[in-house]
Amino acid sequence: MPWSLYLALKQLFPSGRRLSFFTAISVAGVMLGVALLIVSVSVMGGFGREIRRMIIDTQGDVQVRSGAFIDNPEEIVATLADQPDVTGVTPFAEGVVMLQYDYKPAFPALQGIDVDRVNDVIPLNDYIRVGTLDDLDDDSVILSAQLARSLGVHYGDTVEVYSPLMLELMKNDEVMLPTELRVSGIFEIGHQALDSSVVLVTLRRMQELYGLGGGVHGFNLKLTPGSDPDRVARRLNGVLPDVAPGAFARSWMDANSDFLFVVQLEKNMIFFLLMFIIVVAAFSVMSSLLISVVRKTREIGLLGAMGGRARDVALCFCYQALVIGVGGTVLGVGLGMTVLHFRNDLIAGFTRLTGSEEALRRFYEFSNLPAYTSPGDLTLIVSMAIIVSALAGVIPAWRAAQLNPVEALRSE
Amino acid sequence: MISGDPVLTAKGLTKTFRSGERTLEVLRGIDLSVAPGESVSITGESGSGKSTLLHLLAGLDQPDAGEVSWAGAADTVAARRGRFLGMVFQSFYLMPELTALENVTMAARMIGPVSGAERERAAALLARVGLADRTDHVPAQLSGGERQRVAVARALMNRPQVLLADEPTGNLDERTGDAVVELLLSLCGETDTALVLVTHNPSHAAKTTRRVALHAGQLQPVT
């Protein structure tokens, strides 16, 4: 072991003492910064992953849409199902309706689904909390949980649906009674935006409400695991003009690019801001090492008198910063992972203490805090923490190397 | 036994310090030659340049004129210093984070890895200076005299050809100081190490084989 590293370790962990106070404080600073960064980035990553999963689960890997409605859906389903990497195709039609229960109106997005095919693409059964998908027929509707709660609707109740087609007919002085649909199920995806504004009916009912005849607005596609949705969408766009002029395919990433960009931006901003905690900790380390250079001026002079080169004296301080950085980072990773492991218990304890359990469930998208630590994020946090901490030793090292041994030995 | 080519030679050493517009010529053409195993004491008033001369001899500072050579070679760089020289200072300069044994082995560590044999040598040196039962004690647990004895052991760890001692008894009481000087002379005699002792104390200076005094920037023999 070079003497500079040996002395650095001895100055951090002096003989006769378990731990130097300076070492403990410096390592604690880095540890807290790293732990906080890991917890925050992992929670943001978990949110992002959940959101991505929900998008895929509700829209499929690729969506084919058209500006107008598509009137030959069966032909297109067959064409799409034949494409490489496509494992499932389901048509859909959608539009906004007015839904009323007990004189309380709502304006959800109505989705018409092909009950026989939808589970090939979208695992709706996983999200239906009351009733089953098998109960859905042309005279029934499945409401989202939040919409049902806000209207006070329960399983078996009857709701009234007014579509824009009815409004058009009313302009011709024709009166159309609303369509009465029985509530045959309630679903909950877990995302507030989806749970408050989506209602499911059969495709046939939707076509009737919007006067589409046999037409649909688009198709959701499921791909083989591991395939690239962007690549598949590009390939489909080469095929679609022949069977559905005006239709285009988009991957789920492309269709939600703005939203995903915001999610990623939030995560990056959190990372950037919390990184400053480690920078502050590194400045604290640098400050302590600079004080150490002043306090140990005569010892630095002695090292020169004993044959130590200025470069090795500088390395001694660099090693100290590096050891603090590595030690703090390792402990920070351990602390961060431990907090993540017990995050839901910690949150449950906190909400019980503050009485905010229901508020958390109602206003946040998830009742359990999701977390996902990607290897890339972890590698970035660990390497940046170590690099920033190591750089904290550069200025003290430079100052130590500049000391003239003679002046250092003479200093009081 | 004093014989052979000089182990330490200084020729025409001149050192000037500048402070603003003032110039102070501390050393003027100093010549000094130390034979292997010889002990030389340098006395002089405070501020006469004794420590400056010692630093030049150690290669820690560069003269404005003249040269220093170690064993005939004018190469007085850090890489050679660890093996060629040992130094003892007035303020001991022990590493506070290291035990007595670790302080002594630090000298060996400066020039290479420390082997088991070197650890044994360090322990033996500490025993020789009367600190066999204090090897695990850090400097804060040692008295001034004990710390200086550790410093002496450290200075001799690498079997230097020359030991430079800059007022090693300056911070010690008379009795302890006498003991340290006796130890220095005895150990250097045993190992045939040349000793250059800078001191204020005439009785300590009298114990060396040769005495010189630094006055007005020049060395004069003392009879």
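Structural data are supplied above this passage.
Read on for a plain summary of the structure. From a predicted model like this one, the values you see are computed outputs, not experimental measurements.

1. Structural notes on the overall build of chain B
Secondary structure summary: chain B contains seven helices and nine strands in total. The C-alpha atoms of chain B give a radius of gyration of 17 Å, which matches the 17 Å a tight globule of 223 residues would have. When the backbone C-alpha atoms are referred to their principal axes, chain B occupies close to 50 × 40 × 35 Å. For chain B, the proportion of its 223 residues judged to be buried stands at 52%.

2. A short note on unusual backbone geometry
Residues and elements named next belong to chain B. The backbone phi angle of Phe92 is positive, close to 70°, even though this residue is not glycine. Locating Phe92 in the fold gives a position in the loop between β5 (85-88) and α3 (100-109). Residue class for Phe92 comes out buried when judged on the 24 C-beta atoms lying within 10 Å of it. For Asp192, which is not glycine, the phi torsion reads 60° and is therefore positive. Mapped onto the elements, Asp192 comes out in the loop between α6 (174-191) and β7 (194-198). By the C-beta count within 10 Å, which is 16 here, Asp192 ends up partly exposed.

3. Some words on the environment of B:Ala206
Looking at where B:Ala206 falls in the secondary structure, it is placed in the loop between α7 (202-205) and β8 (210-215). The spatial distance from the C-alpha of B:Ala206 to the C-alpha of B:Phe92 is 23 Å, given a sequence separation of 114 residues.

4. Quick notes on the pairing of strand β3 (residues 39-44) of chain B
Residues and elements named next belong to chain B. By the criterion of burial, β3 is predominantly enclosed, with six of the six residues buried. Across the two faces of β3 the burial is the same, with Ser39, Ser41 and Thr43 and Val40, Ile42 and Gly44 all buried. As paired strands, β3 and β7 are joined by four bridges and run parallel to one another. If you follow Val40 over to β7, its bridge partner there is Val196. Where β3 meets β8, five bridges bridge the pair, whose relative direction is parallel. What sits directly across from Thr43, in β8, is Ala213.

5. Some remarks on the interface of chain A and chain B
With 19 residues of chain A in contact, the opposing surface of chain B contributes 22 residues. Secondary-structure elements contributing two or more residues to the side of chain A that touches chain B are α1 (3-12), α12 (297-305) and α18 (405-410) of chain A. With five residues, α12(A) is the single largest residue contributor to the side of chain A that touches chain B. Along the lines of polarity and charge, the residues of the side of chain A that touches chain B split into nine nonpolar, six polar and four charged.

6. Quick look at the sheet that holds β7(B)
All names here are of chain B. Reading across from one edge, β5-β6-β7-β3-β8-β9 is the order of the six strands in this open sheet, with mixed pairing throughout. Looking at which strands have only one partner, the edges of the open sheet turn out to be β5 and β9 (218-221). Shown here is a sheet whose adjacent strand axes are inclined to one another by a mean of 20°, direction ignored. In this structure, strand β6 (residues 162-166) lies alongside β7, joined through five bridges in parallel fashion. Paired with Ala165 across the bridge in β7 is Leu197. Seen against the sheet, helix α5 (residues 144-156) touches β5 and β6 and runs at an angle of roughly 170° to β5.

7. With respect to the packing of α3(B) against helix α4 (residues 116-128) of chain B
When two helices pack together, their arrangement is captured by the angle between the axes and the distance separating the axes. Residues and elements named next belong to chain B. Where α3 meets α4, the axes come as close as 9 Å, and the angle between the chain directions of the two elements is 125°. On the basis of their axis angle, the class for α3 and α4 is oblique. Along this stretch, α3 crosses α4, giving a crossing that reads as right-handed. Only Glu118, Arg119, Ala122, Ala123, Leu125 and Leu126 of α4 make contact with α3, whose side of the interface consists of Ala100, Leu101, Val104, Thr105 and Ala108. The residue inventory of the contact of α3 with α4, partitioned by class, reads eight nonpolar, one polar and two charged.

8. A closer look at the packing of helix α11 (residues 257-295) of chain A against helix α13 (residues 310-341) of chain A
Residues and elements named next belong to chain A. As a packed pair, α11 and α13 sit with axes 11 Å apart at the nearest point and diverge in direction by 150°. Considering the relative orientation of α11 and α13, their crossing is right-handed. Of the residues in α13, those touching α11 at Val285, Leu289 and Val293 are Phe317, Gln320, Ala321 and Ile324. For the contact of α11 with α13, the residue count by class is six nonpolar, one polar and no charged.

Conventions used here
- Residues numbered from 1 in each chain as written.
- Chains lettered and ligands numbered in written order.
- Predicted model: local features only at pLDDT ≥ 70, side-chain atom pairs only at ≥ 80, totals over all residues.
- Helix = DSSP H or I, 4+ residues; strand = E, 2+ residues; numbered from the N terminus.
- Rg over C-alpha atoms; globule rule 2.2 N^0.38 Å.
- Buried ≥ 20, exposed ≤ 12 C-beta atoms within 10 Å, placed from the backbone.
- Pairing = 2+ DSSP bridges.
- Contact = placed C-beta atoms within 7 Å.
- Nonpolar A, V, L, I, M, F, W, Y, C, P; charged D, E, K, R; others polar.
- Axes fitted to C-alpha atoms, helices over the stretch in contact; angles between N-to-C directions.
- Parallel < 35°, antiparallel > 145°, perpendicular 65-115°, else oblique.
- Left-handed = near helix turned anticlockwise from the far one by under 90°.

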